[in-house]
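What the coordinates show
Chain by chain, the residues:
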Amino acid sequence: CVCVCVCVCVCVTMSKDGGFQMIQLVRPFLPILPEIQAPEKPVPFREKMLWTSLTLFIFLVCCQVPLYGIVSSESSDPFYWMRVILASNRGTLMELGISPIVTSSLVMQLLAGSKILSVGEDEESKTLMRACEKLFGFLITLGQGGAYVFSGMYGDIRELGWGNAALILIQLFLAGVLVLCLDEMLQKGYGLGSGISLFIATNVCETIIWKCFSPHTVNYGRGAEYEGAIIALFHLLATRNDKVRALKEAFYRQNLPNLTNLLATVLVFATVIYFQGFRVDIPIKNQRMRGQSTTYPIKLFYTSNIPIILQTALVSNLFFLSQLLFRRFPENLVIGLLGRWQTYDGAPQGQSFPVGGLCYYISAPHSFGEMFHDPIHAIIYIVFVLGSCALFSKTWIEVSGSSPKDVAKQLYDQNMVVTGHRAGEASSISVLKRYIPIAASLGGLCIGLLSVLADFMGAIGSGTGILLAVNIIHTYYESFEKEAEQGSIFG
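Residues numbered from 1 in each chain as written. Predicted model: local features only at pLDDT ≥ 70, side-chain atom pairs only at ≥ 80, totals over all residues. Heavy atoms only, no water.

When you go through the protein chain residue by residue, the secondary structure sums to 19 helices and seven strands. Here the contacts in the protein chain between residues at least 6 apart in sequence split such that 67% fall between residues at least 24 apart. (Helix = DSSP H or I, 4+ residues; strand = E, 2+ residues; numbered from the N terminus. Contact = heavy atoms within 4.5 Å.)

This is how it looks when you write it as structure tokens:
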């Protein structure tokens, strides 16, 4: 957070004197920043599959390699709520997951979109912008890693020793560099999609499968039970004499995944896939080649999963900051207004839960029962999620080059015009303005609403995680379909 504030202040100061000065400051770091070179020729589909599989394998291995030098990892986990979505795993090399990359991208894109940080259209400026985003991500990795170490996440700093503390921080930093390079490798064209999307989808699907088929047993006072919802169903039917009661328990058991959660997950998956088909096709034609016409599709989810990723990054960093401050200053009034945290018996790894302050009201109620018990909490949470998703979606089209003006310019550069309208950017902009801003805002609103409903129904993997997974998997499906049409899958 300190890094974010410092960089924002520097950017504001620099922009008053000249927009490019801040970007130019990154130039001396270019020789030492790791970078993946773009492929010189198109990468065959089979080779893309190979690199994507290798990237996924490295990520899964890092998720299982424990950090060397930690004394204890039993303290409260500030990222417990967001682990699935941030593709992170407690106590391993993937402790920070994609959080530094997402936070860095969020801040730099917002600075560029709001014109606080000026970025030119030439290739050099874009290269410097990517380098600035990369460098900022490394600083956030060091900041978050240092906060983890010095806040006692891995044991008291006096027990760890400065040598072990430095070693843990180095491991977290190198893992952050690895994640960034893997993501850049896929985005440069060596693989499919992006590393961030791949890691999120893998983590969410892994969580869902584990909570369905986990053979791990626990005891919450009802005897030994299997954690996995489906395995628990067969175990209850086999061991209980009253089969109706066994079915009821399998559907509604507390504190563990149940069949109701599984059905809610399937329902959310199906709903999101259904909404993926909502789109408007704008007919366009080539000005120079008669008879060549096609359509420009504007989907309901125009900004894809970006709104929910940005909203998650915002909330996760706020929760992280609030827990660290509350642990240090539990009696401070201002920090209490930001968030008050409490640990309950039986909570995993001594996990703390928000019980008051801003963090409580922007955290999701875990069931309809909780929603009716505290309706004010539910209303504030719904308004926050819907509003933030719609706002992020509307803002993102302006900062990511997908606004009506940007799309019209792309079509104009390709000599394409909207059928039935005069040639020129102005006429294309007027048509695109009728659809793109509405699709962005309404799509962000729908994504937020689906996320809220999934959380209320208790869907496995959280509503946000399921939405991300479905959108990412659907994107990969479209990539496969496109490659199949071009005949490059088996070629």
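Still more to cover.
All right, on to the confidence of the model for the protein chain then. Confidence in the prediction of the protein chain, expressed as mean pLDDT, is 80, and 87% of residues score 70 or more. Across the protein chain, the element-wise mean pLDDT spans from 44 in helix H1 (residues 2–17) up to 90 in helix H13 (residues 357–361). Across residues 1–20, where pLDDT falls below 50, the model places 24 contacts with residues more than four positions away in sequence or in other chains. (pLDDT = per-residue confidence, 0-100.)

Attention now moves to the sheet that holds strand E4 (residues 293–299). In space, the three strands of this open sheet follow the order E4-E3-E7, with antiparallel pairing throughout. If you trace the sheet from one side to the other, it starts and ends with E4 and strand E7 (416–418), each paired once. Each strand of the sheet is rotated relative to its neighbour by a mean of 40°, with strand direction disregarded. Across three bridges, strand E3 (residues 279–286) lies against E7 in antiparallel orientation. Following the sheet pairing, Asn286 is matched in E7 by Met416. (Pairing = 2+ DSSP bridges. Axes fitted to C-alpha atoms, helices over the stretch in contact; angles between N-to-C directions.)

Note on placement: Gly424 falls in the loop between E7 and helix H17 (425–432). In this structure the C-alpha to C-alpha distance between Gly424 and Leu411, which are 13 residues apart in sequence, comes to 9.5 Å. Apart from residues lying up to four places away in sequence, Gly424 is in contact with Tyr412 and Val417.

Once that is clear, we can look at the pattern of salt bridges. With the rule as written, the count across this model stands at seven salt bridges. When the shortest N-O distance is used, the salt bridge between Glu184 and Lys134 registers 3.2 Å. Taken together, the positions of Glu184 in helix H6 (residues 157–190) and Lys134 in helix H5 (residues 123–150) put the pair 50 residues apart, joining distant regions of the chain. With respect to burial, Glu184 and Lys134 carry one shared label: buried. As a salt-bridge pair, Glu249 and Arg240 come within 2.7 Å of each other at their nearest N and O atoms. Its relative accessible area of 15% is what places Glu249 among the buried residues. Exposure remark for Arg240: the relative accessible area of 26% places this residue in the partly exposed category. Each of Glu35, Lys134, Glu184 and Lys188 takes part in a single network of salt bridges with overlapping partners. (Salt bridge = Lys/Arg side-chain N within 4 Å of Asp/Glu carboxyl O. Buried < 20%, exposed > 50% of the residue type's maximum accessible area, 1.4 Å probe, protein only.)

The subject of this paragraph is a nonpolar patch on the surface. Side chains of Trp51, Leu54, Phe57, Val61 and Val65 sit close together on the surface and give an oily, nonpolar patch of about 410 Å² of accessible area. Structurally, the position occupied by Val65 is in the loop between helix H3 (45–62) and helix H4 (99–113). (Patch = residues over 30% accessible without salt bridge, like charges linked within 9 Å, V, L, I, M, F, W, Y side chains within 5 Å. Areas by Shrake-Rupley, 256 points an atom, 1.4 Å probe, with all protein chains shown as cover.)

Moving on, we come to the environment of Lys134. Look at Lys134 and you get buried, because its relative accessible area is 11%. Separated by 100 residues in the primary sequence, Lys134 and Pro34 place their C-alpha atoms 8.9 Å from one another. Look past the residues within four positions of Lys134 in its chain and what remains in contact with it is Leu33, Pro34, Glu35, Leu180 and Glu184. Among the polar contacts listed, one links the side chain of Lys134 to the backbone oxygen of Pro34, at a separation of 2.7 Å. (Polar contact = N/O pair within 3.5 Å; in protein donor to acceptor, adjacent residues only side chain to side chain.)

Right, let's talk about the nonpolar core for a bit. Residues Ile98, Phe199 and Ile200 are the most contacted members of the largest nonpolar core, which totals 90 residues. A per-element tally of this core places H6 first, with nine residues. Aside from chain neighbours lying at most four places away, what touches Ile98 is Ile85, Leu86, Ala87, Val179, Ile196, Phe199 and Ile200. (Core = buried A, V, L, I, M, F, W, Y, C linked by side-chain atoms within 4.5 Å.)

Here we come to the environment of Glu133. Tracing the backbone shows Glu133 in helix H5. Between the C-alpha atoms of Glu133 and Met108, which are 25 residues apart in sequence, the distance is 6.3 Å. Glu133 has contacts with Ser104, Ser105, Met108 and Gln109, leaving out every residue within four places of it along the chain.

In a regular helix each residue adds 1.5 Å, so 21 residues correspond to 30 Å; helix H18 (residues 436–456) covers 30 Å between its end C-alpha atoms and thus fits that length. Across the 21 residues of H18, 15 count as buried, placing the element largely inside the fold. Of the residues one or two after H18, Gly458 is the one with positive phi, at around 75°. (Expected span 1.5 Å × (residues − 1).)

Next up on the list: unusual backbone geometry. In this structure, Asn415 is a non-glycine residue whose phi angle is positive, near 65°. Along the chain, Asn415 falls in the loop between helix H16 (404–413) and E7. For Asn415, a relative accessible area of 22% corresponds to the partly exposed category.

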